[in-house]
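Each chain, written out:
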Amino acid sequence: MSLIESIITELRIPDLPYPVGQSAPDDSSRWHSTLSEAWQAGSDERVVTHLQRTDAVWSMRQVNAAYLADRIMNVFLRRSGLHPYLVHRAARLRFWLALDLEARGAEAVSEQRPLHRWLDSLQALRGWSRTGGRSDRPVESHLAAMEQAVGEAFRTGGEEPLEACVSDWLEQISHQAEQAERVAQRLWQTESGAAGQRAAEQAVRAALSRTCRGRQLPASLWAFIEDDWRVLMRRAALEHGIDSEPWRHAFRLLEWLIWVGDGNLCGQDRNRLYHVGEQLTDKLVQVVTLVEGRDPDPQRFAPVDALLARRLRDEAVEQEAASIPEADPRWLERPDEAQGDEARSWVGSWYLYEADGQQIRQFLTGFLEETGEVLWTNARGAKLDIEPFRSVRERFEAGELTHLPEAYPFAGVLSDTLDSLQRVLESQRKQREEARDKAREEAEALRRAQEQAFEEERQREQEREEREARERAEAEREARDEAETRRINDEAEIREKVLAEVDRLEAGSWIQLGSGEEALRLKLALRIRASGKLVFVDRYGLNRREILREDLATRVRDGEAQLLSEGAEFADTLSRVVGRLRVGR
Amino acid sequence: MTGTWKPEDGEQRDEYRIAGRIVADLQVADGVGDEPPRWLRCRTRDISASGLSVTADEPVVEGALLNLKVTVDDSAVHSLLTEVRSCREWADGFWRVGLAVLDTGDDSLPAWKETVAILLEA
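Residues numbered from 1 in each chain as written. Chains lettered and ligands numbered in written order. Predicted model: local features only at pLDDT ≥ 70, side-chain atom pairs only at ≥ 80, totals over all residues.

Per an unreviewed UniProt entry, chain B goes by PilZ domain-containing protein and derives from Halovibrio salipaludis.

Right under this line is the structure:
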């Protein structure tokens, strides 16, 4: 017998509505209709909850199939890493799984079964987030189709609709995966190129911000820097990098241009002005040649030459303040190598965060070395965002961003679940055997103890009768008086009769203690033969009193107690007997 | 009386219990005059050689000695004297009642233990 079959037929989990003994379960249509109705109603409850709700007698197989389906689905969904909405919808398949497990046992969860294939295929949706956007539609539409197919399978008992739906879905997700891969590749190429341009542009902005902010420059020089030198610097950064000779020279010449342009700077050092004036144009030509790979048009630097001439002649030049926005100086440095190594280790994984109460999943497609940024994409390979890696790490460290747990295949869930249930099953088998032997031994011991108690009681009774006979004989000898003898005999007769009646009391017999308003009616609940004790309780099973049989007989004889259960007739007879004897005495 | 209960744990019996649901009727009051006895319909949560755990829709008093009728296997009706060892309300609004089966000196307890032993064979 397979493990699943053993679990389904033997396991007993506390509080589940198992049958006891050989009670015949209700018609199997009840089982089918209960599951089918729960499915149609879109129930989110456990299967066993639906079984517990009715008084029907379920078979071991049905209860355990329900339990197993709940357990397998709960573990799978808890570990699947899927979006909560998907988990919620998929969890309802527990009703179909229960039906299948009851009917097919182990085969119900084999790899060929549509449900197994479908659950495994959901890993393709690990990155799916419910955003309310266009990407929701194919998934929503498939879920609706799947629910319709399962409903159809419930109605007809055939699996064809389910099989067809799962096959279509597998084809669809395979196609989508290829498409997403292609989209992501194209996106990566585009973004890698754009990253270089962005890094170059940012480096130029940072260079301008560092050198020009707070400076006063002539309009002609501003125009040259903005229209010419800025473009050259961007090209130097893009084609040669910011740690290259061309970039360093271009940056240095930008500083020279600013120095020459701002009269407040160059006006204080005439010697240096001559020195710079002699070399500046030549150096500009050299750097342009270096960056652009060709000699520049000599007219290109005319605005610079004109300004230099005026500066050397010490003419007044009209200047205006530079309007350069602030820029991040970090763009002037190469991205940290160590950070790059770390960022690359984050690539290729899914991450999630909460936004407006929604769980958003995003895939870290790649690290853009030039900018130190990462590219985020969605499950369809489409771009979500570009974010500096340091910001990603900060969000992660703050707990705002987390890793999506690794995918956990259905087969793994099944094997874990069955392993743990196997341990429970084996332990239960052992406990059952021990409990069975113990129950048998206890039953036998009780019966032996009862026989012994009966025997002891019989012996005590015999001894009592013998003792009373001896006492009577002795009394007769000692008291020849006829009346005394009769009194003693009467007393003994009363006591014997009452004691015999007390011994005839059975469980459920009633007595009354006391009389009048304080009279207390009690029922014999239990007779402890070994000690001769009678345990009485009131009609609610409460107010327990323990009375020795001899004490009770004495109380009855003395009129302090009455035996009621034999009915009024008995009580009256007894009271007449006791009364007559007393009068006679 | 059986001695395999752990009083400090209330309803916890120190033995294997067979989880299962069958009807069990608990006599919560004797009849008086024309008034018939009152039986409370319960359902077992589990049964064992020394007691039962049942679910009831009203509480019973701990310590009470109550008659219980329980049918196992649609055949033998067991009439047992039980002592209420615990009674607690659960979140579902039902009461979980722990009952110990008492030895009344007749064959009711040995027969019950024998039945449980047979159920444990299955």
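## Some remarks on the overall build of chain A
Worth spelling out the cut-off: Secondary structure is summarised from DSSP: a helix means a run of H or I of at least four residues, a strand means a run of E of at least two, and numbering begins at the N terminus for each. Two things to know: the radius of gyration comes from C-alpha atoms, and the globule rule equals 2.2 Å times the number of residues to the power 0.38. Backbone-placed C-beta atoms define the burial measure: a residue is buried with 20 or more other C-beta atoms within 10 Å of its own, exposed with 12 or fewer, and partly exposed in between. Contacts here follow a simple rule: the backbone-placed C-beta atoms of the two residues must lie within 7 Å.
Across its full length, chain A holds 20 helices and 12 strands. The globule rule puts the C-alpha radius of gyration for 585 residues at 25 Å, and the 50 Å found for chain A is more than 25% above it. C-alpha extents for chain A along the principal axes are approximately 170 × 65 × 40 Å. Relative to its 585 residues, chain A shows a buried fraction of 30%. Residue pairs at least 24 apart in sequence account for 66% of intrachain contacts in chain A once pairs closer than 6 positions are excluded.

## Brief notes about the packing of helix 17 (residues 410–478) of chain A against helix 18 (residues 482–504) of chain A
Between two packed helices, what matters for the description is the angle formed by their axes and the separation of those axes. Residues and elements named next belong to chain A. Spelled out, the test is: Throughout, an axis means a line fitted to C-alpha atoms (over the contacting stretch in the case of helices), and angles, computed between N-to-C directions, take values from 0 to 180 degrees. Each angle receives one of four descriptions, namely roughly parallel if under 35 degrees, roughly antiparallel if over 145, roughly perpendicular if within 65 to 115, and oblique otherwise. The crossing is said to be left-handed when, going from far helix to near helix, the turn is anticlockwise and less than a right angle, and right-handed when the turn is clockwise. Gly counts as polar in this scheme, as do all residues outside two lists: the nonpolar Ala, Val, Leu, Ile, Met, Phe, Trp, Tyr, Cys and Pro, and the charged Asp, Glu, Lys and Arg.
Relative to each other, helix 17 and helix 18 sit at 165 degrees, their axes nearing to 10 Å. The angle between the axes of helix 17 and helix 18 places the two elements in the roughly antiparallel class. The crossing of helix 17 and helix 18 is right-handed. The segment helix 17 lies against helix 18, with Glu468, Arg472, Ala475 and Glu476 engaging Thr485, Ile488, Asn489 and Ala492. Class assignment for the residues of the contact of helix 17 with helix 18 results in three nonpolar, two polar and three charged.

## Some words on helix 1 (residues 108–121) of chain B
This is how the line gets drawn: By definition here, a helix of n residues has an expected span of 1.5 Å times n minus one.
Helix length check: helix 1 of chain B, at 14 residues, gives a terminal C-alpha distance of 20 Å against a target of 20 Å (1.5 Å per residue), a fit within 8%. The set of residues buried in helix 1 of chain B consists of Leu109, Pro110, Trp112, Lys113, Thr115, Val116, Leu119 and Leu120 of chain B. Residues of helix 1 of chain B that are buried sit in contact with helix 17 of chain A together with strand 1 (18–19), strand 3 (38–48), strand 5 (65–72), strand 6 (76–89) and strand 7 (95–101) of chain B.

## Focus: the interface of chain B and chain A
Taken residue by residue, the interface counts 36 residues in chain B and 38 residues in chain A. Put simply, the parts of the chain that give the side of chain B that touches chain A at least two residues each are strand 1, strand 2 (23–29), strand 3, strand 5 and helix 1 of chain B. With nine residues, the top contributor of residues to the side of chain B that touches chain A is helix 1 of chain B. Taken together, the residues of the side of chain B that touches chain A break down into 22 nonpolar, three polar and 11 charged.

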